[in-house]
Amino acid sequence: MNKTLNSFSFRFFIGLMLSGLLLAPLNGYAQSNATQKYTLSGYIKDASSGETLPGASVFLVEDPVKGTSTNVYGFYSLTLPAGKYIIGASFIGYDAQQFEVDLSSDDLSLNIDLSTAGIQLEGVEIRATRKDNVESTDMGKVELQVEKIKKLPALMGEVDVVRTLQLLPGVMSSGEVNSGLYVRGGGPDQNLVLLDEAVVYNTGHLFGFFSVFNSDAIKSTNLQKGTMPAEYGGRLSSVLDVTMKEGNNQRFQADGGIGIISSRLTLQGPIQKNKSSFLVSGRRTYADAIAKPFLKGTDFEGNGYYFYDLNAKANYIFSDKDRIFLSGYFGRDVFNFRSADGFGFDMPWGNATATLRWNHLFNDKLFMNTTAIFNQYDFGAIASFNDFSSEFSSGVEDWNGKIDFDYFPNPNHKIKFGANYTYHTFTPYFLEAQIGDTEINSDDRIRQRANEAAIYIQDDMSITDDFQIHVGLRASAFQQVGPYTTPELNEQGVVVDTLNYERGDVIASYGGIEPRFAARYKVGVDGAIKASAIMTNQYIHLVSNSGVTLPIDLWVPSSAKVKPQRGIQYSAGYFRNFLNDQFEASVEVYYKNMNNQIEYSEDYVPELGEPVENSFVFGKGRSYGMELFLKKRTGKFNGWVGYTLSRTVREFPDINDGRIFPATFDRTHDLSVVTSYDIHPRWTLSAVFVYGTGQTLTLPNSFVIIENYPHVEYGDRNSYRLPAYHRLDFSAVYRISKENARFYNDLNISIYNVYNNYNPFFVYASPDVPTTTQTADDLTNTLNWGFDMNLKQVSLFPIVPSITWNFSF
């Protein structure tokens, strides 16, 4: 039944894609020949910093439906019949502007500078804006404003975009302040996380308590969990696209903050005013430095933990047609342990990325971006004691090239197409050890290499003013290639031979067509019904032996044994704005099938030199639910309420005797209430309340001693559920100086877990040993003893107050 349904769905989507893409140029040709048309194009920027504004709206004031939005580099193109128009430009948090334009020739350029709200330019009349919540085909798309995030309560004062995303419907964490994202029933590896187009494989610091994204260096954060455009691929669940600031090209600027566990500093400014700029941003924790004097002379001397981030970016504008960007990120966590008896342990891990981009404008309708990317994630563990030493490492390294084109034939079409290629090198694990003169290592055969490539095309088409569709088609391919050495096993799992692959030899090949479709039909001026369906392939996988994302989790490629994950998701919803667009509301339902899901086998035990994929088992999953969202966009009081009702299950033939079981991150109920109130020009109060059904886990039912050997009996997979999680946070921002002062500074006072609820971080089971008068010898001679199991809860954070001083000049 499922195969028949998927086959029908695939043919149906392909038909839709091809029909739409073939009709697009015909539609554009017919319209272009109806009357003479001309094109207005340019960039929209922040007036004070020169930063481009992606996603800004450009539209006809008399008919806001006719318009477009800027691409990720702030470029727009709008083609209209010859004539005089009043053009509007708007962006969230900025004052809208209007311009009178006479379209009577081609190559008419209009670069627009927008000022932040409250700094409205003299003589500009504000009358209309686009209602993007109901105008676009986007479903499950969220754009976060960093300045608003900074007003919300933060654990220990660390502003975190990932934890803010976890407050949205359909997005969950795995527990107490974990930086992993679990989107609509998918695991953390099923999210494509990008920083300036470079993949970030591990998003967490301090074992997931904080994310790697420094808010002072971030320009925009976009999450897409419903309609994933064809330009994105390689993941099943969502895309988190984070863009770094370009740097102020108008004046030198410094921003920073000093908190209780870390400090940060960002420097930016023009290299050549209006032409080029730079940005350097750093962040470091200093608990280790503070504790060091107090640990001197104690058993804890030499122990410590810290993390740091460094973001850097530079750009140069050659002309309106050419611009280059160079950006990079380097982050590291370092944990050190030294014992009095000579045992030492070091555990460093982190990400590194580098991105070089060239923007080129061929004409006022065709924009190109070419990108070269390097990214790396690595984890290490180094131990030593007397004459023993060992070093364990794992990681992944990518070299990536891509090219993307934006084509704007007319207001009814926004076409994007391109291609990308990635060369992967995976090190699931690498071990070196030495005991005296004896050396052990897992050698180079553990490393796996792969090619991944894709081409795509997509189009946002306005069929009528009320009916708009998005069609896209992505073709992807993946190859695991040599050099590689792997043991060949027989049906009983016994090694019978060794397979050796030379450099460039193809070990396994996969590919697929991934259609994407979305539609919007307007219901009145302020409402819209939307629906979408997407197919996705995922060729690389994160395999975890725990319920949370940890740096020790392994990234592995698809191979002869490990098949690509494949998913299909259907969504539908009703979207509405009301009270003059002060409020946005939506109701969405979704259903998602996921095939070739990966877990460790239930009897998994690591073995040196054994390919880790031999320990995997495979199954399928599904997730379905409903998401409710209500947001107040404007005014002194704003915020949102998000609620998710969902179910996520897995089915593995080799787990739980083949019976369906709830996923670790299955949550029936998830509620978030976020509020912010400007009660005074100098005071902003914010509060966050969260409630969620407890996560599932597998625990032992009993502990039995049989013939002097202990045996633990476990219940069904994920049959136990932790108590519900709930927490209230509060913050107050006091602006010491006026908001537009040359030297601005404020205090952010946060209280995490206001009512001191003891939420479970984890639980463990211990045997309830009965009181007995028997001696130890009596117990030893007894053949069978059974004990009930007691559950003990470990909670992490009680009420946690913090204060952070922020400044900018």
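A quick note: this is a predicted structure, and the numbers were derived from the prediction, not measured. (Residues numbered from 1 in each chain as written. Predicted model: local features only at pLDDT ≥ 70, side-chain atom pairs only at ≥ 80, totals over all residues. Heavy atoms only, no water.)

### Some remarks on the confidence of the model for the protein chain
- Put simply, the protein chain has an average pLDDT of 83, and 85% of its residues get 70 or more.
- Low confidence marks residues 772-784, where pLDDT is under 50. Its contacts with residues over four positions away, or in another chain, come to 14 contacts. (pLDDT = per-residue confidence, 0-100. Contact = heavy atoms within 4.5 Å.)

### Details of the pairing of strand E48 (residues 744-752)
- Here six bridges tie strand E47 (residues 725-735) to E48, and the two strands are oriented antiparallel to one another. Within the sheet, the bridge partner assigned to Phe730 lies in E48 and is Ile751.
- Note that E48 and strand E51 (residues 800-808) share nine bridges and pair antiparallel. What sits directly across from Ile751, in E51, is Pro801. (Pairing = 2+ DSSP bridges. Helix = DSSP H or I, 4+ residues; strand = E, 2+ residues; numbered from the N terminus.)

### With respect to a negative patch on the surface
- On the surface, Asp387, Glu391, Glu432, Asp437 and Glu439 cluster together into a patch of negative charge.
- Secondary-structure assignment places Glu439 in strand E27 (residues 438-441).
- For Glu439, a relative accessible area of 60% translates into the label exposed. (Patch = residues over 30% accessible without salt bridge, like charges linked within 9 Å, V, L, I, M, F, W, Y side chains within 5 Å. Areas by Shrake-Rupley, 256 points an atom, 1.4 Å probe, with all protein chains shown as cover. Salt bridge = Lys/Arg side-chain N within 4 Å of Asp/Glu carboxyl O. Lys, Arg positive; Asp, Glu negative; His and termini not counted. Charge placed at Lys NZ, Arg CZ, Asp CG, Glu CD. Buried < 20%, exposed > 50% of the residue type's maximum accessible area, 1.4 Å probe, protein only.)

### Comments concerning a nonpolar patch on the surface
- Residues Phe252, Ile258, Leu265, Leu267, Ile736, Phe743, Trp805 and Phe809 make up a contiguous nonpolar surface patch of roughly 670 Å² in combined accessible area.
- Relative to the assigned elements, Phe809 resides in the segment after E51.

### Points about unusual backbone geometry
- Cis geometry is found at the peptide bond from Gly482 to Pro483, where omega equals 10 degrees.
- Residue position: Pro483 is located in the loop between strand E29 (467-481) and strand E30 (484-489).
- Unusually for a residue other than glycine, Asn718 sits at a positive phi of about 55 degrees.
- Along the chain, Asn718 falls in the loop between strand E45 (709-714) and strand E46 (720-721).

### Quick look at the sheet that holds strand E6 (residues 97-103)
- If you walk across this open sheet you meet the four strands as E3-E2-E5-E6, and the pairing is antiparallel. Two strands lie at the open edges of the sheet, namely strand E3 (63-69) and E6, each paired on one side alone. On average, adjacent strands in this sheet sit at an angle of 30 degrees to one another, irrespective of strand direction.
- In this sheet, E3 lies alongside strand E2 (residues 57-60) in antiparallel orientation, the contact comprising four bridges. Considered in E3, the bridge of Val58 is made with Thr68. (Axes fitted to C-alpha atoms, helices over the stretch in contact; angles between N-to-C directions.)

### Focus on the sheet that holds strand E9 (residues 141-144)
- Spatial strand order, E9-E16-E17-E12-E13: five strands in an open sheet with mixed pairing. The strands lining the two open edges of the sheet, one partner per strand, are E9 and strand E13 (198-199).
- Looking at chain direction, strand E12 (residues 191-195) and E13 are connected through two bridges and run antiparallel. Within the sheet, the bridge partner assigned to Leu194 lies in E13 and is Val199.

### A word on the environment of Arg264
- On the secondary structure map, Arg264 appears in strand E19 (residues 262-272).
- Separated by 19 residues in sequence, Arg264 and Arg283 place their C-alpha atoms 4.2 Å apart.
- Aside from chain neighbours lying at most four places away, what touches Arg264 is Asn214, Asp216, Asp255, Gly256, Gly257, Gly282, Arg283, Thr804 and Asn806.
- Separated by 2.6 Å, the side chains of Arg264 and Asp216 make a polar contact. (Polar contact = N/O pair within 3.5 Å; in protein donor to acceptor, adjacent residues only side chain to side chain.)

### Considering the pairing of strand E25 (residues 388-410)
- When strand E24 (residues 366-385) meets E25, the two strands line up antiparallel, connected through 20 bridges. Across the sheet, residue Tyr377 finds its bridge partner in E25, namely Val396.
- Where E24 hands over to E25, the hairpin turn is made up of two residues, of which Asn386 adopts a positive phi near 55 degrees.
- As defined by bridge partners, E25 adjoins strand E26 (residues 413-435) across 20 bridges and the pair is classed as antiparallel.

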